[in-house]
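Report on the structure
Next come the chains, spelled out residue by residue.
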Amino acid sequence: NAGVTQTPKFQVLKTGQSMTLQCAQDMNHNSMYWYRQDPGMGLRLIYYSASEGTTDKGEVPNGYNVSRLNKREFSLRLESAAPSQTSVYFCASRGQGAPNQPQHFGDGTRLSIL
Amino acid sequence: AQSVTQLDSQVPVFEEAPVELRCNYSSSVSVYLFWYVQYPNQGLQLLLKYLSGSTLVESINGFEAEFNKSQTSFHLRKPSVHISDTAEYFCAVSGSTSGTYKYIFGTGTRLKVLA
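Residues numbered from 1 in each chain as written. Chains lettered and ligands numbered in written order. Predicted model: local features only at pLDDT ≥ 70, side-chain atom pairs only at ≥ 80, totals over all residues. Heavy atoms only, no water.

**A word on the state of the cysteines**
Enumeration according to the criterion identifies two disulfides over all chains in this entry. Cys 23 of chain A shares a disulfide with Cys 91 of chain A; S-S distance 1.9 Å. With the S-S dihedral at roughly -75 degrees, the linkage between Cys 23 of chain A and Cys 91 of chain A falls on the left-handed side. Of the two residues, Cys 23 of chain A is situated in strand E3 (residues 19-25) and Cys 91 of chain A in strand E9 (residues 87-94); the sequence distance between them amounts to 68 residues. Considered together, Cys 23 of chain A and Cys 91 of chain A belong to a single accessibility category, that of buried residues. With a sulfur-sulfur separation of 2.0 Å, Cys 23 of chain B is cross-linked through a disulfide to Cys 91 of chain B. (Disulfide = S-S within 2.5 Å. Helix = DSSP H or I, 4+ residues; strand = E, 2+ residues; numbered from the N terminus. Buried < 20%, exposed > 50% of the residue type's maximum accessible area, 1.4 Å probe, protein only.)

Here you go:
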């Protein structure tokens, strides 16, 4: 049981390049999330998708776009990468609707923007 | 607005000593509480959760946390830590004040166990 799978694990980009981070879950979860993790700032929500076909902005959405391709997959796109977007990105999913469900995380994508 | 506070950003402790990692949250009508652990170069993993019932919850590796409604706290404790417990620990709250639940993480506490 793979859980939440993120690709790639590492990436280096130049300023202005574009990139899509991929995330897939095999737990039949409705909700999916994208976070960024920076030192001393914990996890900050970028975008989330409560169900297939819906997406909503989180705390720090500027500079990002998302696509909920189907129930399994939720991708994050950087259209024009900036050094401030250097971070570790985590995808998470959560079970059916109930607020008492924990989130399940992938192992992260470590992204450096030069 | 819903909030979670982890006052200690770093906690150094000697091996076999006890440890407490503090977590406070803003009051909600209804709340569910979680602790996650993150080992280096990995994602977050659920350590334990409080949903209802007994206010003391335990994990399989010796951690425990107590839900204290009056103090709006959910502190994580372990009576004797091991080197392998070195990790970052995140408190999270799923809370509602008006029927809509928000899931919020604290900023994390880095536990460093010293030999």
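**Side note on the layout of surface pockets**
Picture a little ball the size of a water molecule; that probe, rolled over the atoms, points out where space is still empty. Taken as a whole, the second largest pocket encloses approximately 450 Å³ of empty space. In this structure, the second largest pocket is lined by 24 residues; those nearest its centre are Gln 37 and Pro 39 of chain A together with Gln 38, Glu 88 and Arg 110 of chain B. Looking at the lining of the second largest pocket, the elements that each hand over two or more residues are strand E4 (31-38) and E9 of chain A together with strand E10 (87-96) and strand E12 (109-114) of chain B. Broken down by element, the residue count for the lining of the second largest pocket peaks at three residues, all from E12 of chain B. Each residue belonging to the lining of the second largest pocket can be placed in one class, and the counts come to eight nonpolar, eleven polar and five charged. (1 Å grid on protein atoms, 1.4 Å probe; cavity = no way out; pocket = protein on both sides within 12 Å on 5 of 7 lines; lining within 4 Å. Points joined across faces, edges and corners; volume = space filled by probe spheres on them. Nonpolar A, V, L, I, M, F, W, Y, C, P; charged D, E, K, R; others polar.)

**Here's the deal with the sheet that holds strand E7 (residues 64-68) of chain A**
Residues and elements named next belong to chain A. An order of E1-E3-E8-E7 is seen for the four strands of this open sheet, with the pairing classed as antiparallel. Both outer strands of the open sheet, strand E1 (4-7) and E7, are each paired with one neighbouring strand and no more. In this sheet, neighbouring strand axes are inclined to one another by 15 degrees on average, regardless of whether the strands run parallel or antiparallel. Bridge analysis of E7 against strand E8 (residues 74-78) gives five bridges, and the strand direction is antiparallel. For Arg 68, the partnering residue across the bridge sits in E8 and is Phe 74. (Pairing = 2+ DSSP bridges. Axes fitted to C-alpha atoms, helices over the stretch in contact; angles between N-to-C directions.)

Function cannot be read off these values alone, since they describe shape.
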